[in-house]
Amino acid sequence: MLNRVRSAVAHLVSSGGAPPPRPKSPDLPNAASAPPAAAPEAPRSPPAKAGSGSATPAKAVEARASFSRPTFLQLSPGGLRRADDHAGRAVQSPPDTGRRLPWSTGYAEVINAGKSRHNEDQACCEVVYVEGRRSVTGVPREPSRGQGLCFYYWGLFDGHAGGGAAEMASRLLHRHIREQLKDLVEILQDPSPPPLCLPTTPGTPDSSDPSHLLGPQSCWSSQKEVSHESLVVGAVENAFQLMDEQMARERRGHQVEGGCCALVVIYLLGKVAIIVRNGEIIPMSREFTPETERQRLQLLGFLKPELLGSEFTHLEFPRRVLPKELGQRMLYRDQNMTGWAYKKIELEDLRFPLVCGEGKKARVMATIGVTRGLGDHSLKVCSSTLPIKPFLSCFPEVRVYDLTQYEHCPDDVLVLGTDGLWDVTTDCEVAATVDRVLSAYEPNDHSRYTALAQALVLGARGTPRDRGWRLPNNKLGSGDDISVFVIPLGGPGSYS
């Protein structure tokens, strides 16, 4: 039976707006640690070079530095130029040189048809080793690789308003996840319940007696149970927030322009934690848009009207209210409503709605069509100083799929794709492509998953015809960047 998940960004946020300040993330190492058996990481595909013999202006260096492709593609300078060709739109995949991605994962990508200067998608596929930071007993221990954990990591990052945020997240997000997991190494390997508090580091002064802060003891007669799984979920959530905070600190000095949506899969201790968009074959989550998050956005605007300035209203109307309709009763809904009711139109209702438009044209503050992602710290309403970031969340929704609870065959796969795939391809069409392509290969042929990723990208891109890219049904193909991972659900034991 086909197991497939449609994947895209999904984030959670409290109704109170921007998250509270957090301590800065620890200094991240220059390279991700990997277990001894992992293959060494290939150098990142270099940017295309200018003609030799002359110094390159600093601005040109910055522009080209932002144009890089995933490490595992191993592109030469010539290959990088072909990958950047909007006219040819050649599909790129890792070379078949014997060095396979983990789990024989398939990958393919293609640049947009001219929507942006470069491909703003980025991808990452890593085997990450986590070495424990401390012993749960509080006694420092000698570093030992045998006491650590490994997790498999796949990430797609769909950039907007520039590729800087996506490129940065593809390099650093898995390292933030690793840092957050360091405190959990021993705890996750111990079947007993997690400790309520981690021991203090030797030499740390004890805090003053907090007994005067305690309320009636009847409220604390029992302790909530916390699972190991929820600790991993919390580590991933914290990693996303720390990644977003790092982008905020470094956005000027490091050219971290724009923002990005993130699609991430993590395999740890037999389970897959998936940050996803909605799917119908294996429904893993719901889709997050200005429409689906209308009530969260409206509640924030209601609680903090200063974020709306004098330009926007948190209320929603079926269309823009006209001045001649002042005093009339018109349909509306607020942050508490899923249905519609009538209200008397007042002067404040003439302001532009916080959430407007429908479907792919839905926008927050008439500016951005995504409500959850990383970056966008400098984004402001057009011709205004109002920042949009307070309405955008960096927190992920994490769903867990236990691979050990099912027997998976070689045709059971997890498909991750950016919007370039899903804007023109349905779940059923992807499922049909999976069946068609995989049935043409032997189950032990490791190239079958790359072939499937290429077929999905080609199917969404279409062929050049009538001054555009067309699908077989003559509808327009995707003009967006398209990136696809195909992950066999058999795991490392079957397909490594």
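Scroll up to find the structure.
Student: I'd like to hear about the sheet that holds strand S2 (residues 106-110), residue by residue, with values.
Tutor: Adjacent strands of a sheet pair through backbone hydrogen bonds, lying either parallel or antiparallel. Strand order across the open sheet formed by 3 strands is S2-S19-S16, with antiparallel pairing between neighbours. Looking at the sheet topology across the chains shown, the edges are occupied by S2 and strand S16 (413-417). Sheet twist, expressed as the mean angle between neighbouring strand axes with direction ignored, is 10°.

Student: Got a sec to walk through the packing of helix H8 (residues 427-438) against helix H9 (residues 448-461)? Specific residues and values, please.
Tutor: Between two packed helices, both the angle of their axes relative to each other and the distance between the axes serve to describe the pair. Orientation of H8 relative to H9, taken along the N-to-C sense of each, is 140°, at an axis distance of 10 Å. Relative to H9, the element H8 is oriented oblique. In the packing of H8 onto H9, the handedness of the crossing is right-handed. Within the contact between the two elements, H8 uses Val 430, Thr 433, Val 434, Val 437 and Leu 438 and H9 uses Arg 448, Tyr 449, Ala 451, Leu 452, Ala 455 and Leu 456. Residue classes in the contact of H8 with H9 are distributed as 9 nonpolar, 1 polar and 1 charged.

Student: Describe unusual backbone geometry, with residues and values.
Tutor: Positive phi, close to 60°, is recorded for Ser 104, a residue that is not glycine. Positive phi is not limited to glycine here, since Ala 366 has a value of about 60°. Along the chain, the position of Ala 366 falls in the loop between strand S12 (363-364) and strand S13 (374-375). Residue Ala 366 is classed as partly exposed on the basis of its relative accessible area of 43%.

Student: Any details on the pattern of salt bridges? Residues and values, ideally.
Tutor: Scanning all chains against the criterion turns up 14 salt bridges. Here Glu 179 makes a salt bridge to Lys 182, at a shortest N to O gap of 3.0 Å.

Basis of the calculations
- Residues numbered from 1 in each chain as written.
- Predicted model: local features only at pLDDT ≥ 70, side-chain atom pairs only at ≥ 80, totals over all residues.
- Heavy atoms only, no water.
- Pairing = 2+ DSSP bridges.
- Helix = DSSP H or I, 4+ residues; strand = E, 2+ residues; numbered from the N terminus.
- Axes fitted to C-alpha atoms, helices over the stretch in contact; angles between N-to-C directions.
- Parallel < 35°, antiparallel > 145°, perpendicular 65-115°, else oblique.
- Left-handed = near helix turned anticlockwise from the far one by under 90°.
- Contact = heavy atoms within 4.5 Å.
- Nonpolar A, V, L, I, M, F, W, Y, C, P; charged D, E, K, R; others polar.
- Buried < 20%, exposed > 50% of the residue type's maximum accessible area, 1.4 Å probe, protein only.
- Salt bridge = Lys/Arg side-chain N within 4 Å of Asp/Glu carboxyl O.

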